[in-house]
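Summary of the model geometry
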Amino acid sequence: MKNNKTKRFSLNTQMVLLIIVVVLWVFLSISSSHFLTYENISNIMRQMAIQGILAVGEVVVIITAGIDLSVGSVVALVNIIMSKMVVSGTPIWITVITVLALATGIGLINGVVIYDLRVPAFIATLGMMTIARGATLLISNGSNVFGLPRSLATFASGNFLGIPNLFWFLLLTVVVIEFMLRNTTFGRYIYALGSNPEAARLSGVNLRAVTYGVYALAGFLWGLGGVLETSRLWMGVPTTGTGYELDAIAAAVLGGASLFGAEGNAIGAFFGALVMITIYNGAVLLNINPFWQRILVGIIVIVTVAIDQIRKRREV
Amino acid sequence: MDRYAVQLLNISKSFPGVQALKDVTFKLKEGEVKALVGENGAGKSTLIKILTGAYVPDQGEIIVFDKKEEKMTPIISESLGISAVYQNLILAPHLTVAENIVLGNEPRRAGFLINKTEMIRKAREALAQVGYEGIIDPNEKLGNLPVAQQGIVAIARAVSRNARVVIFDEPTAVLAKRETEELFRIIKELKKRGVSIIYISHRLEEIFQICDTVYVLKDGMFVGEKPINETNEDELISMMVGRKLRKEIYTKRNIGKVVLKVENIRNKKLKGCSLTLKEREIVGLYGLVGSGRTELARAIFGADPIDEGKIYIEGKPVYIKSPATAIKSSLALVPEDRRVQGLALKLSVRDNINLPIYRHISRLSVINHLKERSIANDFVKKLRIKTPSISTTVMNLSGGNQQKVVIAKWLASKSKVFIMDEPTNGVDVGAKEEIYQLMNELASEGAAILFISSYMPELMSICDRILVMKDGKIVGDVPREEMDEEKLLALAIKEQNGEVSAHEK
């Protein structure tokens, strides 16, 4: 009996989200003739790609009851370094491998600081957020980097099988991470760490390896986001990515992740990001003052989580 | 001395699965110093918490100074002059001594500003009352004081509130000798002023020093009450343990060769412990709370670091640096508090059972779901775990079934040595019997079990021998033929008279 309840409940978390998406989409299709067009949907997909990848990375961290605030700054750092490298003539593939390795390394450092130095994840990644932003500004001297090859921009605006290239990256990320969370030992250890680190440790789980792995994986995804961001912007912008961490956290939480850990999944984060992008997109189409977008997203995050909490309390 | 300060009449209180108190009547006269004694789990703390309003009794009346209290709460109890000093000092280490002493009762100015001068004055006064003025600085951060002095602050705090009834719950557990003597002086002082005192302690010799009467609880029931000069330690011990013998569930097994040998391990809490466990043997580990039982279990399992000592598994020395290596050496730990240490409550029965063995049932780290499910199903069936399905969240199971999930986890990992720390704690009677059964079966199949418990009858009914711990040392090794509750309790409580157990030599 109890089991049915929990099943119904987890369905509900996603259901609420799905209902929100459907309502928004129906409402937008009626109120704007531009909404349900191929161009606009492709546009939504392009916008959503990066944010979705970041949300998936964040959800993995949040399942361990951690948090990573360095998202936006690492995206910006990757953006600037990649732009500089490409402009100075480094082949794209070498550049991409380098920046991905760099971002993964930054994530690993987060993991070391959090596990070995016992710095709370919030503080450790807040520090890293500032450091990465500072490094970005230092390297770029605060100014944009121009002169990237046109091929990068073409890639960002291109399609494969009618679906934007960038969106394929998101789909791939969701599938891989969801598979990892569900079917691998690493995935189980991530949930176990989030539910009860002491019990996991006493069951022989190597918490150090899991923590390193989670933050390194997150760093890798921030790097991927940064690479895609560079191709989308077609330049290096040292201030890019500001506030991405909050969007990523909001999408993860909207998608059913609990900041107390052990709850959430990649598909949920995908839908969370979809809700947020729909709101941003709709606000533009409806000519709503863009400043309202953030207010709306904020309200939706609070309301969704509050509904979730109320329902959980009733379960107990 | 005729008026009653506190009367608790016919109090009953039960928690899920446990009858903590059953029809208990407790009366305390004005100016009386009454000792409250009993084994772990006898109901002492519950009784105190009912008096201080932390628990609401299921039945019974609370009368304080001739006035019946319909609904006791911590605030009412404090306003009636009842205050308590707990063994695990409930103080705020980041605040100053003075702030702690007046906490919740701050002298104010203009309604909300704290009157600092008055606060310091009050703190000085309170410290003076306990004889520590000028020794403890009221402006010092509490956390900077030695633990024993923190204990004095807790006492000063309790007596400073015009207390008329003071409860001392194992106060000497953290006090050094000098502070203990001070405490006794303070208690005598309080008594002279007509303050009533409830004194809880496992150290019987203290009770004989300062108490007027002694009140004995056992298994949540009243056993007896005596003036202190009409009784002695031995009589008290037999009152504390004298209960009906339980059904025998001991089965004779052929004990095999040594599986686990622990030699002289030491750390902060352990002062050189040695023991051996043999195949098909169930060894009990008895000791009062704080004797180091749990610490010993955790040290053997690599959960806490050890400074010194050796561990051998089947004759081979092993270096256990973490639980992961302990598991590889086929050790298993059923930890003391399953909710805090044993289970990932938000995960399913299946995930919890398989947690230690995922690396064995996966290929290139991809989990074999068929195996995972069949293992979980097997153990759910074998241990009769009552759960709607293996994907049910462990949080939703009863205590007994949760405990079975913890045990299943170690059965699944094919452990040879099981360390079980209070495995029947908070488990209902039926499930308890099943856990004993399970231990018997495990041992019959060749496992060695170290069974830690505060509850002697269960140890005596199932163990081949019982080790007794006190102050981080193993002070006794009692074989089945010599098991006797009074003997065990005496070993665990009494000061040693220079006697050293076989293991200590």
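Residues numbered from 1 in each chain as written. Chains lettered and ligands numbered in written order. Predicted model: local features only at pLDDT ≥ 70, side-chain atom pairs only at ≥ 80, totals over all residues. Heavy atoms only, no water.

Examining the sheet that holds strand β10 (residues 196-200) of chain B
Residue and element names in this part refer to chain B. In space, the six strands of this open sheet follow the order β6-β9-β10-β3-β11-β12, with mixed pairing throughout. Strand pairing shows two members of the sheet lacking a second neighbour, β6 (82-85) and β12 (221-227), which therefore form its edges. Pairs of neighbouring strands in the sheet enclose a mean axial angle of 20°, with direction left out of account. Bridge analysis of strand β11 (residues 213-218) against β12 gives six bridges, and the strand direction is antiparallel. Paired with Leu217 across the strands is Phe222, a residue of β12. Against the sheet, helix α6 (residues 177-192) engages β3 (33-37), β9 (165-169) and β10, with an angle of about 150° to β10. (Pairing = 2+ DSSP bridges. Helix = DSSP H or I, 4+ residues; strand = E, 2+ residues; numbered from the N terminus. Axes fitted to C-alpha atoms, helices over the stretch in contact; angles between N-to-C directions. Contact = heavy atoms within 4.5 Å.)

Brief notes about the interface of chain A and chain B
Counting residues at the interface gives 28 residues for chain A and 38 residues for chain B. Both faces combined, the contact of chain A with chain B buries some 2,400 Å², and carbon together with sulfur accounts for 53% of it. By the criterion of area lost to chain B, the three top residues of chain A are A:Arg188, A:Leu202 and A:Ser203, representing 27% of everything that side buries. At the surface where chain A touches chain B, the tally comes to three salt bridges. A salt bridge links B:Arg298 to A:Glu198, with the nearest nitrogen and oxygen atoms 3.1 Å apart. At the junction of chain A with chain B, the criterion picks out 17 residue pairs in polar contact (both at pLDDT 80 or more). Counting only elements with at least two residues in the side of chain A that touches chain B, the list comes to α1 (2-31), α7 (165-183), α8 (185-195) and α9 (197-202) of chain A. Of all the elements, α8(A) adds the most residues to the side of chain A that touches chain B, at six residues. The residue inventory of the side of chain A that touches chain B, partitioned by class, reads eleven nonpolar, eleven polar and six charged. (Buried area = accessible area lost by both parts, 1.4 Å probe. Salt bridge = Lys/Arg side-chain N within 4 Å of Asp/Glu carboxyl O. Polar contact = N/O pair within 3.5 Å; in protein donor to acceptor, adjacent residues only side chain to side chain. Nonpolar A, V, L, I, M, F, W, Y, C, P; charged D, E, K, R; others polar.)

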